[in-house]
Amino acid sequence: MIPRFKPYFSWKELKAAFSIPKKDNVERFEKAFAEEMGQRYAIAFPYGRTALLFLLKALDLKDKEVICPAYTCVVVPHAIVYSGNKPVFVDSQEYDFNMDLNLAEQAITENTGAIIATSIFGYPVDLDKLDSIHKRFPHIKIIQDCAHSFSAKWKGRPIQKEGIAAIYGLNISKLITSIFGGMITTDNEELASKLYSFQQEKLKRATLRKSFKRLVYLLALYPAFWEPIYGIINRLERLGLMDRFTKYYDENAIEMPKDYLENLTKIEARIGLAQLKKYDSIIDNKIKISKRYTEMFATREDIKILPFKAGATYSHFTALVGDRNAWLEDYYKKGIQLGILIEYSIPYMQAYVKFSRGDYPVSKYFSEHTINFPNWLEITFAEKNIGSANG
Ligand SMILES: *Cc1c(COP(=O)(O)O)cnc(C)c1O
């Protein structure tokens, strides 16, 4: 079974996992991360959502409206609510999967504190439009959610630098991983020092127990992504037996993981550092395969593919289909797992209907019709097996 995503792990991560812990593992990871993103500061957190939560706090936002996409990872509004603010959802635009920035501008009120601009699936957010919003409302903080788009570019400009700060997610399904983990980058010295002090004072020190759990989890990933084993796991998943392990959200609850206030572990920092060195080649590979998919599917009428976008990271290669389950089944029979990355539009979820403001038709459509293709594998395999599988 070809998995829908797979972390780029080799012996290098194993070596990093078993090397002797050093006092400055986390600092070194932060420093290398900041360098790779071309920013002055990077501050590590246990999850991307924890990073966002503390960023909102560090910006002194409280009882404010925070504008975010209806079609994004549900952990984003979780962090907004936990920070004591209110999410205001904005529908997507039709020509890519990102939030419609015209609607975002219309959603601004005198109580708006921040806009979370997200480059979903790696499609870069429109920085020209964002600039014009920023000019009109300079007091509103622009936060880049780069969970899918570390160093995506809009007309050559790196996304992460356009705003007060950028957040990143580093779990195993992201572009690079530190097992779990999150990061904030910024050029703002005052903000950075506030975030460092939060990291030191408001978060608990990572315990040995947590490090050990992370090590065990990492070691389990190696066989888990081995194809025969992955097939078995996938079958259990289809039977609903894996939900406890793989389902990361509950339709009805606004909640954080138990250890969301326990700092990033040293082992995670070492894995992150090893992954950072592979960063450029990982992105290159994803872009190459995604470009090839774009060409392969271009002539098909049963699937809608976005035009290839230069500057996108293609964290996922996502397309729109009519009958999603039929596609999943067809590929499953051929030993290929397709993904449904975001299968919800947040304002329609039980826990968030109270924040809904009317209809979000485009994101609702996406939540029902998007599908994503494995774009981590060898391009020759992708050519042979993916484009033709359902033709
Ligand atoms: C993964 C993700 C995050 C952060 O996720 P964590 O699991 O908390 O690290 C934030 N935004 C988006 C769009 C994501 O996909």
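Read on for a plain summary of the structure. (Residues numbered from 1 in each chain as written. Predicted model: local features only at pLDDT ≥ 70, side-chain atom pairs only at ≥ 80, totals over all residues. Heavy atoms only, no water.)

Re the site of the ligand
Within the structure, the ligand sits among 14 residues, and Gly48, Arg49, Asp145, His148 and Lys174 are positioned closest to it. Take Arg49: an N or O atom from its side chain is 2.7 Å from an oxygen atom of the ligand. Asp145 places a side-chain nitrogen or oxygen 2.7 Å from a nitrogen atom of the ligand. Taking 380 Å² as the accessible area of the ligand by itself, protein coverage stands at 96%. Listed by contribution, the elements that provide at least two residues to the shell around the ligand are helix H3 (48-58) and helix H4 (75-82). A class-by-class count of the residues in the shell around the ligand yields five nonpolar, six polar and three charged. (Near = heavy atom within 4 Å. Polar contact = N/O pair within 3.5 Å; in protein donor to acceptor, adjacent residues only side chain to side chain. Areas by Shrake-Rupley, 256 points an atom, 1.4 Å probe, with all protein chains shown as cover. Helix = DSSP H or I, 4+ residues; strand = E, 2+ residues; numbered from the N terminus. Nonpolar A, V, L, I, M, F, W, Y, C, P; charged D, E, K, R; others polar.)

Quick word on the pattern of salt bridges
Under the defined criterion, the tally for this structure stands at 17 salt bridges. The shortest N-O distance in the salt bridge between Lys278 and Glu13 comes to 2.8 Å. In this pair, Lys278 sits in the loop between helix H11 (266-276) and helix H12 (279-297) while Glu13 sits in helix H1 (residues 11-18), placing the two residues 265 residues apart along the sequence. Summarising the burial analysis for this pair, Lys278 and Glu13 share the class buried. For Glu189, the salt bridge goes to Arg40, with nearest N and O atoms at 3.9 Å. Placement of Glu189 in helix H7 (residues 189-201) and of Arg40 in the loop between helix H2 (25-37) and strand S1 (41-45) is noted, with a sequence separation of 149 residues between them. Under the relative-accessibility criterion, Arg40 is labelled exposed at 51%. One network of salt bridges, in which partners are shared, links Asp128, Asp131, Lys155, Arg157 and Glu162. (Salt bridge = Lys/Arg side-chain N within 4 Å of Asp/Glu carboxyl O. Buried < 20%, exposed > 50% of the residue type's maximum accessible area, 1.4 Å probe, protein only.)

Some thoughts on the sheet that holds strand S11 (residues 317-321)
Strand order in the open sheet formed by three strands is S10-S11-S12, and the pairing between neighbours is antiparallel. Either end of the sheet is taken by a strand with one partner, and the two such strands are strand S10 (303-304) and strand S12 (370-373). Examined bridge by bridge, S11 and S12 share four bridges and lie antiparallel to one another. Across the sheet, Ala319 pairs through a bridge with Ile371, a residue of S12. Packing of H12 onto the sheet brings it into contact with S10, S11 and S12, and relative to S11 it is tilted by some 25°. Against the sheet, helix H13 (residues 324-333) makes contact with S10, S11 and S12, and its axis sits at roughly 20° relative to S12, the strand it touches most. (Pairing = 2+ DSSP bridges. Contact = heavy atoms within 4.5 Å. Axes fitted to C-alpha atoms, helices over the stretch in contact; angles between N-to-C directions.)

As for the side chain of Asp145
Here Asp145 shows up in strand S5 (residues 141-145). Although Asp145 lies buried, it forms no salt bridge, and the closest oppositely charged side chain, Lys174, sits 7.0 Å away as judged by the N-O distance. At 3.0 Å, the side chain of Asp145 forms a polar contact with the backbone nitrogen of Ala147. (Lys, Arg positive; Asp, Glu negative; His and termini not counted.)

Quick look at unusual backbone geometry
Not every positive phi belongs to a glycine, and Asp63 is a case in point at roughly 55°. Checked against the element boundaries, Asp63 lands in the loop between H3 and strand S2 (65-69). The phi dihedral of Tyr314 is positive, around 50°, even though this residue is not glycine. Within the secondary structure layout, Tyr314 lies in the loop between S10 and S11.

Looking at a positive patch on the surface
Residues Lys12, Lys15, Lys22, Arg28 and Lys277 make up a contiguous surface patch of positive charge. For Arg28, the location among the structural elements is in helix H2. The exposure class assigned to Arg28 is partly exposed, which follows from its relative accessible area of 48%. (Patch = residues over 30% accessible without salt bridge, like charges linked within 9 Å, V, L, I, M, F, W, Y side chains within 5 Å. Charge placed at Lys NZ, Arg CZ, Asp CG, Glu CD.)

Topic: the layout of surface pockets
Over the atoms a probe the size of a water molecule is rolled, and this reveals where empty space is left. When its volume is computed, the second largest pocket comes out at roughly 740 Å³. If you trace the second largest pocket, you find 25 residues lining it, with Val26, Ala206, Leu264, Thr265 and Lys266 closest to the centre. Sorting the residues of the lining of the second largest pocket by element identifies H1, H2, H7, helix H8 (208-224) and H11 as the ones contributing at least two each. With four residues, the single largest contributor to the lining of the second largest pocket is H8. (1 Å grid on protein atoms, 1.4 Å probe; cavity = no way out; pocket = protein on both sides within 12 Å on 5 of 7 lines; lining within 4 Å. Points joined across faces, edges and corners; volume = space filled by probe spheres on them.)

Quick notes on the pairing of S11
Counting buried positions along S11 yields five of five residues, so the element is predominantly enclosed. Judged by which residues are buried, S11 turns out to be covered on both faces: Phe317, Ala319 and Val321 on one side and Thr318 and Leu320 on the other are all buried. Where S10 meets S11, two bridges bridge the pair, whose relative direction is antiparallel. Of the residues in S11, the one forming a bridge with Lys304 is Leu320.

Overview of the sheet that holds strand S4 (residues 112-118)
If you trace the seven strands from one edge of the open sheet to the other, you get S1-S9-S8-S5-S4-S2-S3, paired in mixed fashion. Pairing within the sheet leaves two strands with one partner each, and these edge strands are S1 and strand S3 (86-90). Taken pair by pair, the neighbouring strands of this sheet meet at an average axis angle of 25°, ignoring direction. As judged from the five bridges shared by S2 and S3, these two strands associate in the parallel manner.

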